[in-house]
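Analysis of the macromolecular model
If you want the building blocks of each chain, they are given just below.
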Amino acid sequence: MAKIIIFTEQNQYFYVYIFIALLKLKNMKEISLVELENRFQEKVDAEVRIEPNDWMPEEYRRTLIRQISQHAHSEVVGMLPEGNWITRAPNLRRKAVLLAKVQDEAGHGLYLYSAVETLGADRESTIDDLHSGKAKYSSIFNYPTPTWADMGAIGWLVDGAAIMNQVPLCRCSYGPYARAMVRVCKEESFHQRQGFEIITVLAQGTPEQKAMAQDALNRFWWPALMMFGPNDDESKHSKQSMKWKIKRLSNDDLRQQFVDVTVPQAELIGLTIPDPDLKWNKETGHYEFGAINWDEFWQVVEGNGPCNHDRIKARREAKENGMWVREAALAHAEKRAARKTA
Ligand code: BYC
């Protein structure tokens with residue numbers, strides 16, 4: 001039965017008092033959210049790491065879940081183009097090294113999925129988002145690897161670009177991500193060197209081998225530059241992510257660093273960067289480079305690259321084919337638990 005509040009001389013002060021108290025409570029809540037956000041930003045500015053149980057703005061949490069899960073997916077999908085060459089590596093040493101590299105990438109994916117879980121995200125649904133096409137992963141892994149020289153180009157250029165991007169992430173404001181990056185970067189540096197060694201040996205080999213190395217550089221150069229993401233004025237997350245010190249350097253600054261470091265490496269091994277506009281600018285102390293084909297980039301990001309379909313299919317099948325192992329492990333765990341309680 002609905003109650004009707006009747007104001008009488010006796011109770012009117014009581015209701016006014018309740019009303020004012022409720023108003024105060026509402027304002028207190030608002031003030032405390034602003035206050036919490038200010039304190040959070042002060043902590044970030046003072047370079048104090050944010051840990052999983054600390055208060056954080058919801059948007060900060062969402063940004064990290066997005067970026068770290070995309071990063072994890074990139075590591076796992078990134079195993080495919082190279083995994084494709086493990087059985088065809090030219091000798092035992094190359095096979096062992098490539099196998100170790102691909103296993104490292106699986107490890108990176110696992111640390112990163114764990115880091116995502118520290119933010120309250122569910123690992124299984126994060127992976128399902130990759131399989132349904134909802135979640136992104138790095139554009140670079142949607143290009144084919146038809147020759148052995150591509151293993152060199154991936155290590156040299158793709159891992160090289162990844163290190164450039166990930167070294168600043170070791171200083172990311174979120175503790176678990178930053179700590180994961182320290183180990184990832186050490187391993188990436190081994191990956192970059194093994195790639196550079198492969199491409200150097202080919203570049204100094206027979207004319208056919210040199211041509212194969214040049215062809216791999218021609219195909220991977222521009223996609224490697226795209227890895228850093230859209231230009232700064234098109235990058236919708238950069239400003240906020242830099243304020244929160246998730247990102248320390250902008251997409252364009254990192255891309256420029258990569259070009260400045262990589263061009264002399266190509267010259268050293270006698271390969272030509274496939275960019276007629278590339279030139280050294282004495283005044284700025286940087287290389288100027290040609291326009292990136294952003295239409296191609298967005299096509300690939302949106303699922304229309306040469307290998308997007310195959311990559312997702314392979315990941316879905318891996319999950320389905322491994323289902324029986326997970327089910328068997330669970331059934332075994334249940335039997336053991338039942339035996340203990342019996
Ligand atoms: N590909 O506002 P922006 C490896 C998306 S794997 C696809 O600049 P943000 C390896 C971006 O997500 C290492 N999508 O974004 C493994 C956003 O979309 P949503 C991979 C891209 O986050 C195996 C939109 O474009 N490294 O090393 O501020 C073998 C707007 O961009 C890409 C990482 O994952 C792209 N390339 O900056 C070998 C590093 N670029 O989410 C090697 C971690 C941008 O709004 N991630 N997008 O729909 C990052 O550092 C940053 O997320 C990015 C982008 C610099 C990539």
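The preceding data block contains the structure.
First, a word on scope: everything that follows refers to the structure included in this document.

Reading the values: rules and limits
- Residues numbered from 1 in each chain as written.
- Predicted model: local features only at pLDDT ≥ 70, side-chain atom pairs only at ≥ 80, totals over all residues.
- Heavy atoms only, no water.
- Near = heavy atom within 4 Å.
- Polar contact = N/O pair within 3.5 Å; in protein donor to acceptor, adjacent residues only side chain to side chain.
- Areas by Shrake-Rupley, 256 points an atom, 1.4 Å probe, with all protein chains shown as cover.
- Helix = DSSP H or I, 4+ residues; strand = E, 2+ residues; numbered from the N terminus.
- Nonpolar A, V, L, I, M, F, W, Y, C, P; charged D, E, K, R; others polar.
- Contact = heavy atoms within 4.5 Å.
- Patch = residues over 30% accessible without salt bridge, like charges linked within 9 Å, V, L, I, M, F, W, Y side chains within 5 Å.
- Salt bridge = Lys/Arg side-chain N within 4 Å of Asp/Glu carboxyl O.
- Lys, Arg positive; Asp, Glu negative; His and termini not counted.
- Charge placed at Lys NZ, Arg CZ, Asp CG, Glu CD.
- Buried < 20%, exposed > 50% of the residue type's maximum accessible area, 1.4 Å probe, protein only.

Side note on the site of the ligand
Close to the ligand lie 36 residues; Q70, K136, S235, H237 and K247 are nearest. Between an oxygen atom of the ligand and a side-chain N or O atom of N165, the distance comes to 3.0 Å. Taken by itself the ligand offers 1100 Å² of open surface, and the protein chains cover 94% of this. With six residues, the single largest contributor to the shell around the ligand is helix α2 (residues 58–77). Of the residues in the shell around the ligand, the class split is 12 nonpolar, 14 polar and 10 charged.

Looking at the side chain of S74
Mapped onto the fold, S74 is located in helix α2. A polar contact is formed between the side chain of S74 and the backbone oxygen of Q70, at a distance of 2.7 Å. Beyond its immediate sequence surroundings of up to four residues, S74 is in contact with Y137, S138 and F141.

A look at the environment of T272
Within the secondary structure, T272 sits in the loop between α10 (251–268) and β1 (279–281). Each C-alpha atom of the pair T272 and I140 lies 20 Å from the other, and the pair is 132 residues apart in sequence. Setting aside its immediate chain neighbours within four residues, T272 contacts Q214, L217 and N218.

Let's talk about a positive patch on the surface
On the surface, a cluster of positive charge is contributed by K335, R336, R339 and K340. With respect to the helices, strands and loops of the structure, K340 is situated in helix α13 (residues 323–341).

Describing a nonpolar patch on the surface
The grouping of F14, Y17, I18 and L22 at the surface amounts to a nonpolar patch, some 450 Å² of accessible area in total. Positionally, Y17 belongs in helix α1 (residues 12–45). Looking at Y17, the relative accessible area reads 59%, which means it is exposed.

What about the pattern of salt bridges?
Throughout the structure, instances matching the rule amount to 22 salt bridges. Salt bridges here are not isolated pairs; linked through shared partners, they connect E82, K101, E105 and D159.

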